[in-house]
Amino acid sequence: MENNATVSIYGEHKPALEKTMNQILTHITEIRKKMEAELGMDPVEHCLSRIKGEESMREKCRRKNLPETTESALGKIYDAIGLRIVCAFVDDVYTIRDFIVNSGRYEIITEKDYIRRAKPNGYRSYHMILKADGQYYAEIQLRTISMDTWAALEHHLKYKKKVSGRQELIVDELKRCADELASTDLSMQTLRDMILEYNGADD
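Residues numbered from 1 in each chain as written. Predicted model: local features only at pLDDT ≥ 70, side-chain atom pairs only at ≥ 80, totals over all residues. Heavy atoms only, no water.

Participant: Summarise the overall build of the protein chain; cite the residues concerned and give the values.
Facilitator: Across its full length, the protein chain holds six helices and five strands. With the C-alpha coordinates aligned to their principal axes, the bounding extent of the protein chain is approximately 65 × 50 × 20 Å. In the protein chain, buried positions account for 39% of the 203 residues. About 12000 Å² of surface is accessible on the protein chain, with carbon and sulfur atoms providing 51% of the total. Considering the protein chain, the positive charge centre built from 31 side chains and the negative charge centre built from 34 side chains are found 7 Å apart. (Helix = DSSP H or I, 4+ residues; strand = E, 2+ residues; numbered from the N terminus. Buried < 20%, exposed > 50% of the residue type's maximum accessible area, 1.4 Å probe, protein only. Areas by Shrake-Rupley, 256 points an atom, 1.4 Å probe, with all protein chains shown as cover. Lys, Arg positive; Asp, Glu negative; His and termini not counted. Charge placed at Lys NZ, Arg CZ, Asp CG, Glu CD.)

Given below as structure tokens:
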């Protein structure tokens, strides 16, 4: 395909990408129902999905020194399909991850655990790249509500004009906030475990 911005970088694959994305979403819904039956609550606060926009994909091709072609968009870059699954508790992140991996529906390409090994700036999330239908790649990000809130705020601050002499302070404060939120996540997880244990003892 020519590098023509008027022609979709996804070629004729856009409907198939959307179908694959919806199939993954349906699977996530199935997982949520199974977990809700066990926990008595939906483990997912919200789930967002998207097909990467045309210009965003083209920009990523340029950034990676790849030709702006369908082959690059679908075979060299792995997030044409993107899903973000936001959970209330840390354990739910790993439970959903296990359901996805053990389902046998996907080829798992890579996994990166930024929860147990946070990025230097404090970013936490669980990232998965998988291949669905033996053809299309999808990136799944799993995180808690507090991780998602921190990431959103960090994103906004990152694109503000640099404040001379204060960058180091801002970076340190962002890291401190991320650590405090991670500590809160662990405390909330402990509280839920206690509640589930007490409820189980009453049965």
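Participant: So, the side chain of lysine 60: which residues are in play, and what are the values?
Facilitator: Here lysine 60 is to be found in helix α2 (residues 54-63). Beyond its immediate stretch of four places on either side in the chain, lysine 60 contacts Lys52, Ile77 and Asp79. (Contact = heavy atoms within 4.5 Å.)

Participant: How would you sum up the sheet that holds strand β3 (residues 106-113)? Please name residues and give values.
Facilitator: Pairing is mixed in the open sheet, where five strands are placed in the order β1-β2-β5-β4-β3. Two strands close off the open sheet at either side, each with one partner strand: β1 (44-51) and β3. Across this sheet, the average inter-strand angle for adjacent strands is 15°, counted without regard to direction. Examined bridge by bridge, β3 and strand β4 (residues 126-132) share seven bridges and lie antiparallel to one another. When the bridges of β4 are listed, lysine 112 appears paired with histidine 127. The strands touched by helix α1 (residues 14-39) are β1, β2 (81-87), β3, β4 and β5 (136-144); relative to β1, the strand with the most contacts, the crossing angle is about 170°. (Pairing = 2+ DSSP bridges. Axes fitted to C-alpha atoms, helices over the stretch in contact; angles between N-to-C directions.)

Participant: Which residues make up a nonpolar patch on the surface, and what values do they have?
Facilitator: A surface patch of nonpolar side chains, about 390 Å² in accessible area, is lined by Met188, Leu191, Met194 and Tyr198. Look at methionine 194 and you get partly exposed, because its relative accessible area is 35%. (Patch = residues over 30% accessible without salt bridge, like charges linked within 9 Å, V, L, I, M, F, W, Y side chains within 5 Å. Salt bridge = Lys/Arg side-chain N within 4 Å of Asp/Glu carboxyl O.)

Participant: Lay out unusual backbone geometry in plain terms, naming residues and giving numbers.
Facilitator: Phi at asparagine 65 is positive, roughly 55°, even though this residue is not glycine. Within the secondary structure, asparagine 65 is located in the loop between α2 and α3 (70-76). Its relative accessible area of 71% is what places asparagine 65 among the exposed residues.

Participant: An account of the pairing of β2 is needed here, citing residue identities and associated values.
Facilitator: Side-chain direction in a regular strand flips from residue to residue, so the side chains alternate between the two faces of the sheet. The buried fraction of β2 amounts to six of the seven residues, a majority that puts the element mostly inside the structure. Sheet analysis places β2 next to β5, joined by seven bridges and oriented parallel. Each residue of the ladder has a partner; that of valine 86, found in β5, is arginine 143.

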